[in-house]
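# Reading the structure
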Amino acid sequence: MSTLAGQATFRVEQSSRVSRIAGAGAALLVLAMLSAPAWVDRGHLSLLMEFFYFLAIAQMWNLLAGFAGIISLGQQAFIGLGGYVLFFATMQMQWNPFAALLIAGLVGGMIAIPGALVVFRLQGAYRAIGTWVVAETFKLVFSEIKSLGAGSGVSLPASVARAVNIGPLSRDTVLYSIALLIALLSIVCSYALLRSQAGLALKAIRDNEATARSAGVNSFRIKLIVFVATGFGTALAGALIYLSKLRVSPAAAFDINWTSYMIFIVVIGGIGTLEGPIVGTLVFFLLRQYLSDLGSWYLIILGAVAVVTMLRMPSGLWGTFAKSRNVSLFPTRRRLILKPK
């Protein structure tokens, strides 16, 4: 609390009444999700696990594109890299799959560093295309590694699948819990970053990079931090995806559809908002659940929904709603609250 010109007291706030209520509701929802293995059947548990890892990778792309301004068409590189590192660590190095998950994320983060040095030299559309070229290069490289099945891929042995069990907890329950944890971390860590001093710099770069630089912001360092963090998070999610699938191949792991789904989710929900990927993932799964039997028409409808949303609601479903109602469930802006004496 401070005094302004001796006339009023003021304080700086980031949270609001709505966000505090939403936080309490989110805590209850997390508790319900933690207990889901006790009351949800195996099929729906698998569906929830998919929801969580799609939410995580979409949140990573949103942080990259919506806040750092780096439009990437090659995030499937980290999905595939995470999957292959996990398979190599468990099959060739005989590591525990849980340790391999963490290693896969760390390798993704480390590979993001030289990747950033290449990608950041490009601008605009060239940068977006450059990220896709990097992903295709990874695909070609892993297609030549015979110990990992080359172009046809490889399956995890039953011993690795059994190693995921923890005491009385089944493999499905353990993988579901990890997926939930990764999704929560993607939201919480992004929120913490955006509320920090680095987050202020990140938003300044997004709004006007030249002005941010003139104000003393090291845009390269901030973007590198985000690129490495999203590389870690996406590779970690990729490792989980293929640990659950028990098989990986270059065509599937480095499929550009992974990035297409990330973009669709973020665009539909609202790019540049933490709530957007949550809303977008819900919409994506609803559409997939009811339209996936339509074959190629399913993809056509997804594309049509994305185009209509971009034309009619450029800020996405949540972005449009938040602007019209002036609400934020994850507030990152600081507000000056005045209290007259």
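Remember, predicted model here, so these are calculated numbers, not experimental data.

### With respect to the packing of aromatic side chains
Counting across every chain of the model gives 20 aromatic pairs. Look at Y84 and F254: their rings are 6.1 Å apart centre to centre, the planes differ by 10°, and that puts the pair in the stacked class. Within this pair, whereas Y84 is found in helix α4 (residues 76-91), its partner F254 is found in the loop between α12 (250-253) and α13 (257-269), the two being separated by 170 residues in sequence. For Y84, a relative accessible area of 1% translates into the label buried. Taking relative accessible area as the criterion, F254 reaches 1% and is therefore assigned buried. Ring pairs connect the aromatic residues F51, F52, Y53, F54, Y176, Y242, W258, Y261, F264, F284 and F285, which therefore count as one cluster.

### So, the pattern of salt bridges
It is possible for side chains bearing opposite charge to pair when their charged atoms get close. Per the counting criterion, the structure on display carries three salt bridges. Among the salt bridges present, the one from D172 reaches R42, with a minimum N-O distance of 2.6 Å. Here D172 is found in helix α8 (residues 171-195), whereas its partner R42 is found in helix α3 (residues 42-67), with 130 residues between them in sequence. The class of D172 is partly exposed, set by a relative accessible area of 23%. On the basis of relative accessibility, which here comes to 62%, the residue R42 falls in the exposed class. Note that D172 and R171 form a salt bridge whose closest N and O atoms lie 4.0 Å from each other. R171 sits in the buried class, given a relative accessible area of 16%.

Conventions used here
- Residues numbered from 1 in each chain as written.
- Predicted model: local features only at pLDDT ≥ 70, side-chain atom pairs only at ≥ 80, totals over all residues.
- Heavy atoms only, no water.
- Phe/Tyr/Trp six-rings, centres within 6.5 Å; stacked < 30°, edge-to-face > 60°.
- Helix = DSSP H or I, 4+ residues; strand = E, 2+ residues; numbered from the N terminus.
- Buried < 20%, exposed > 50% of the residue type's maximum accessible area, 1.4 Å probe, protein only.
- Salt bridge = Lys/Arg side-chain N within 4 Å of Asp/Glu carboxyl O.

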